[in-house]
Each structure stands twice: as C-alpha cells, then as structure tokens.
Amino acid sequence: MVSKPGQVGAGDLLLVVDVQNDFCPGGRLAVPDGDAVVPVVNSLARHFERAVLTQDWHPAGHSSFASAHAGRQPFETVAMAYGPQTLWPDHCVQNTAGAALHPALDIPNSQLLLRKGWDPAIDSYSAFFENDRATPTGLAGYLRERAVTRVFVAGLALDYCVRYTAEDAHAAGFEVVVVEDACRAIDLGGSLDAARRAFAARGIPCVGAGDLSRGR
Ligand code: VGL
Ligand code: ZN
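Residues numbered from 1 in each chain as written. Chains lettered and ligands numbered in written order. Predicted model: local features only at pLDDT ≥ 70, side-chain atom pairs only at ≥ 80, totals over all residues.

A few points about the overall build of the chain
Per the secondary structure count, the chain includes four helices and ten strands. In the chain, the succession of α and β elements from N to C terminus is β-β-α-β-β-β-β-α-β-α-β-α-β-β. With the C-alpha coordinates aligned to their principal axes, the bounding extent of the chain is approximately 55 × 35 × 30 Å. Of the contacts formed within the chain by residues at least 6 apart in sequence, a portion of 75% connects residues at least 24 apart. (Helix = DSSP H or I, 4+ residues; strand = E, 2+ residues; numbered from the N terminus. Contact = placed C-beta atoms within 7 Å.)

Topic: the packing of helix H3 (residues 158-171) against helix H4 (residues 191-202)
It is at 10 Å that the axes of H3 and H4 come closest, and there the two elements cross at 15 degrees. By the angle between their axes, H3 is roughly parallel relative to H4. Of the two possible hands of crossing, H3 and H4 adopt the one that is left-handed. Facing Leu158, Asp159, Arg163, Ala166, Glu167 and His170 of H3, the residues of H4 in contact are Ser191, Leu192, Ala194, Ala195, Ala198, Phe199 and Arg202. Classifying every residue of the contact of H3 with H4 gives seven nonpolar, two polar and four charged. (Axes fitted to C-alpha atoms, helices over the stretch in contact; angles between N-to-C directions. Parallel < 35°, antiparallel > 145°, perpendicular 65-115°, else oblique. Left-handed = near helix turned anticlockwise from the far one by under 90°. Nonpolar A, V, L, I, M, F, W, Y, C, P; charged D, E, K, R; others polar.)

Notes on the site of ligand 1
Residues in close proximity to ligand 1 include Asp18, Phe23, Asp56, Trp88, Tyr125, Leu156, Ala157, Tyr160 and Cys161, which together make up its full environment. Residues belonging to the shell around ligand 1 are distributed by class as follows: seven nonpolar, no polar and two charged. (Near = placed C-beta within 6 Å.)

Some points on unusual backbone geometry
Along the chain, Leu156 connects to Ala157 via a cis peptide bond; the corresponding omega equals -15 degrees. Residue Asp33 is not a glycine yet carries a positive backbone phi of 65 degrees. Mapping Asp33 onto the fold places it in the loop between strand E2 (12-17) and helix H1 (37-45). We classify Asp33 as exposed; it has 11 C-beta atoms within 10 Å. The residue Asp187 is not glycine, and still its phi comes out positive at about 55 degrees. Relative to the elements of secondary structure, Asp187 occurs in the loop between strand E8 (175-184) and H4. Judged by C-beta crowding, with 16 C-beta atoms within 10 Å, Asp187 ranks as partly exposed. (Buried ≥ 20, exposed ≤ 12 C-beta atoms within 10 Å, placed from the backbone.)

Notes on the nonpolar core
Val153 and Ala154 are the most contacted members of the largest nonpolar core, which totals 58 residues. Ranked by residues supplied to this core, first place goes to H3 with seven residues. Ignoring anything within four residues of it in the chain, the contact list for Val153 reads Leu15, Val17, Val162, Thr165, Ala166, Ala169, Val176, Val178 and Val179. (Core = buried A, V, L, I, M, F, W, Y, C linked by C-beta atoms within 7 Å.)

Here's the deal with the sheet that holds strand E9 (residues 206-207)
Across the sheet, which stays open at both edges, the six strands sit in the order E6-E3-E2-E7-E8-E9 with parallel pairing between neighbours. Since the sheet does not close on itself, it has two edges, and those belong to strand E6 (110-116) and E9, each with one partner. Pairing geometry for strand E3 (residues 51-56) and E6, over six bridges, is parallel. Looking across to E6, one finds that Gln55 is bridged to Arg115. On the sheet, H1 packs against E2, E3, strand E7 (150-156) and E8 and is oriented at approximately 140 degrees with respect to E8. Each of E2, E7 and E8 touches H3; the most contacted strand, E8, lies at about 170 degrees to it. (Pairing = 2+ DSSP bridges.)

A few points about H3
Most of H3 is tucked away: twelve of the 14 residues are buried. Every buried residue belonging to H3 is among Leu158, Asp159, Tyr160, Cys161, Val162, Arg163, Tyr164, Thr165, Ala166, Glu167, Asp168 and Ala169, and all of these are buried. Taken from the residues just after H3, Gly173 is the one with a positive phi, measuring 100 degrees.

So, in structure tokens, the structure goes:
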C-alpha cells in the first residue's frame, strides 16, 4: 500500500468507526483481533485536536440481521429494495452491552458520537450514507461547517464500515487517509482485497499510525 508520512494539524480530524464490544473478541460479530485497535486508536487520538466516533446502533430485529429473514443464515447475501445486503448475526442492538463502545477506548477530544443503522429497514456501513448510498447521515455537512478538510479513518471493520466511510468521505471532497494498523478486517469472500482495491483506485492512502506526527 501507499505509505506517506503525515503531519497532523488544523483541518484534520480523526474518525473512529465502530470500536464496539460486539466487533471485538467475545462479541456477536467479532472481528479477528478487533480489540487490538484500541491502544492504537487511543494513542493516535493524541495527535488530533478533533475526533468523531461512530456507533453501529441497530434496533432489535434489524433487517440486516439474518434472524430477521426466515431460512437465512449469517453471511449470506439477500436482495433488499436498495440492493444486495449481507446478513449478519444480531449485533450492536441499541442499549445492549454489545453496542457499547469498547470500555478501554479513551478519546477525550471526541466531539461527536454519530449513531448509524438505526432505521429498521436499511443498514448503514458508511458514516456518511446509508446502504442505499443516497440517504445522508449529515456528517459531511457537520465536517464542512467545522472546516474539516482531511479525515483520518480508523476502527472496525476495515473492509465494511471503514471502507465505505473512507470512500464516501473521498466522494464528498475531503482528503482521506486510512490508518491501517488502527483497523482490523472481517475478510468475508474477498472483502479485504476489495477494500484495498477500492482505496487504491481512489488514491486513498493507507498509512501506519507511526507515520503520523503532530505538526502544521
Ligand atoms: C459493520 C457489518 C455490520 C462494521 C457493521 O462496523 O464494519 N459490519 N455492521
Ligand atoms: Zn451493523
């Protein structure tokens, strides 16, 4: 992957995606080694004046859960009105321990917690658009009003919510950097390779947390 050192400063924001118990070992949709991102993200946050967190936040019986589709199993794909949707184990149900942010996540400079996936009828991988790719969450407007120009993306999972968040941030006109060692992937049916190709095709650099320093 492309690796470019970064001086972090004004206009930069850290976007921490879905570092929640259900995506960590022991959770309902555990990402392998998912909790390993916590110390990396915590120290990364020290380089930034501003951070935003996202939280996958589904109502019970959400349409992205295999349990909501008779005869379907997790990790199968179904056709929804808005396009193909991977079915997941029940996860990140609102107000459950699994939906809570990882208890060791420590980002005192976070200024917004954006919840997504709360509409029962539609999933939302990206922090910017729901999975119809048309319904905005409002995050782009928030970032523009706050004069953010570059978004560093970290968290879970690299090949789903981090990927679509990074792509949409790029499409919205922000500079985007993925901090790869502050992410972990689900890697389902080639999804990790697909994510890497999507980043490369858009010129979205993937860097290591160690490449960043506070400056500018
Ligand atoms: C995610 C699958 C379902 C993620 C969320 O955070 O990457 N993946 N819901
Ligand atoms: Zn989800």
